[in-house]
Amino acid sequence: MASNRGHRLRLEDISHRFGDVLAVRDINLDIAGGELVALLGPSGCGKSTLLRIVSGFIRQSSGRVLFDGEPVDHLPPSRRGAGIVFQNYALFPHMTVAENVAYGLKAQKWARRRIAPRVAEMLALVHMSEFTGRKPRQLSGGQQQRVALARCLATDPKVLLLDEPFGALDKNLRLDMQIEVKRLQREYGITTILVTHDQEEALSMADRIAVMARGSIEQVSSPTEIYDRPKTLFVNQFVGSANVIAGEFMRAQDGVAAVRVGEGALLKVEETPQLAAGAPVLVSVRPEQLRLNAAPGEGCIAGVVKAVMPLGPHVVYEVETQSGTSLKVSEPRAPATPLRRPGESVHVAAPAAACRVFPKP
Ligand SMILES: Nc1ncnc2c1ncn2[C@@H]1O[C@H](COP(=O)(O)OP(=O)(O)O)[C@@H](O)[C@H]1O
Ligand SMILES: [Mg+2]
């Protein structure tokens, strides 16, 4: 099993300061052997800093990094055994593809007769065997990134650290590379941290996602858990799209909370937050969970269709409620079914199981 081959990684109470800026704060994260964890968050939230701390290029202000239970903080980057791939490839421009891949092996003083077969093996792995003699400038972005990956994997690193590795690639190529890297990572069973600000990339590639904001981890969970059960409003809004409706907390009973929203409707939410009656809250619900009804009903919010966007298999409606809140509703679209029209009065139904309630920040 791949998961038995990978090395375990532990980050313990890690914080880092750049002068006055607390770039990373109190990070605790355990990564299992062979696991791929994505660090997901907006630009400037501390992802790259954390990755550089793991690799040893930045010495953290406090906390420990452990590989397989052993602290590595005293080791320089070259002795930690972490392989890194950055967004901008960083291949040596004057070296051929083969020389680039051989570089790390020479630096590690591999025996000369072992280097050529290893280079060939790695280039075959990333489907670049035909390009051994080319210089980086004679390759496309995706091809260069493959070579960077081969160069990184050649030395058999303990952990693979990827910092926005597909950021410079166009959309189709990015998807190919994501599939490719996921395949290699599985085949190799290599423990991997993937830094990205792209939620789809994190959702599609990661075993678990750590969502970061302002230097902290807000939630670490599986992709489906992050999407279905976000723990904070930030995670809810950063991953996927969400409608946010302001309201007033009424009560919680038998696992169901009642929230009065501005429109006068009483929304039911399958949660029991510890809040006082009357507390201001935000209810969040994803567009694909909402439905439009012609008739009013319990827990429905009245509104008017403002925009109709048929997006192939789905149709997205923008609905303005009486108090002026704009809601997005995404419904499956059956062929030949008439769409609703702008100006039409509708009632937006929000199922209790699909709503999350958060205290208003
Ligand atoms: N070398 C540095 N010197 C000073 N501040 C830095 C340095 N590197 C990063 N920062 C700051 O630390 C914070 C986190 O940066 P970074 O880890 O690069 O974020 P991300 O990779 O999530 O975009 C930002 O506020 C950034 O400006
Ligand atoms: Mg970064």
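Shown above is the structure to which this text applies.
Residues numbered from 1 in each chain as written. Chains lettered and ligands numbered in written order. Predicted model: local features only at pLDDT ≥ 70, side-chain atom pairs only at ≥ 80, totals over all residues. Heavy atoms only, no water.

A. Just the nonpolar core, in detail. Within the largest apolar cluster, 44 residues are counted, with the highest numbers of intra-cluster contacts made by Val101, Met122, Leu153 and Ile209. At the level of secondary structure, the elements contributing two or more residues to this core comprise strand 3 (36–40), helix 4 (97–107), helix 5 (112–125), helix 6 (141–154), strand 7 (159–163), helix 7 (171–188), helix 8 (199–205) and strand 9 (208–213). Ranked by the residues each element gives to this core, the list is headed by helix 6, at seven residues. In this structure Leu153 touches Arg118, Met122, Leu125, Leu160, Leu184, Tyr188 and Ile190, once residues within four positions along its chain are discounted. Of all hydrophobic cores here, the second largest spans 27 residues; its members include Val283, Ile301, Val305 and Val348. (Core = buried A, V, L, I, M, F, W, Y, C linked by side-chain atoms within 4.5 Å. Buried < 20%, exposed > 50% of the residue type's maximum accessible area, 1.4 Å probe, protein only. Helix = DSSP H or I, 4+ residues; strand = E, 2+ residues; numbered from the N terminus. Contact = heavy atoms within 4.5 Å.)

B. Broad picture of the site of ligand 1. With respect to spatial proximity, the complete set of residues near ligand 1 consists of Phe18, Ala23, Pro42, Ser43, Gly44, Cys45, Gly46, Lys47, Ser48 and Thr49. Between ligand 1 and Thr49, the relevant distance is 2.5 Å, taken from an oxygen atom to a side-chain nitrogen or oxygen of the residue. Taken by itself ligand 1 offers 560 Å² of open surface, and the protein chains cover 56% of this. It is helix 2 (residues 47–55) that contributes the most residues to the shell around ligand 1, three residues altogether. (Near = heavy atom within 4 Å. Polar contact = N/O pair within 3.5 Å; in protein donor to acceptor, adjacent residues only side chain to side chain. Areas by Shrake-Rupley, 256 points an atom, 1.4 Å probe, with all protein chains shown as cover.)

C. The arrangement of the sheet that holds strand 9 in detail. Strand order across the open sheet formed by six strands is 6-7-8-3-9-10, with mixed pairing between neighbours. Of all the strands in the sheet, just strand 6 (82–86) and strand 10 (216–221) have a single pairing partner and so form its edges. Taken over all neighbouring pairs, the strand axes of this sheet differ in orientation by 20 degrees on average, direction set aside. Here five bridges tie strand 3 to strand 8 (residues 191–196), and the two strands are oriented parallel to one another. Across the sheet, the residue bridging to Ala38 is Leu194, located in strand 8. (Pairing = 2+ DSSP bridges. Axes fitted to C-alpha atoms, helices over the stretch in contact; angles between N-to-C directions.)

In short, the description is geometric, and any link to function would need to be established separately.
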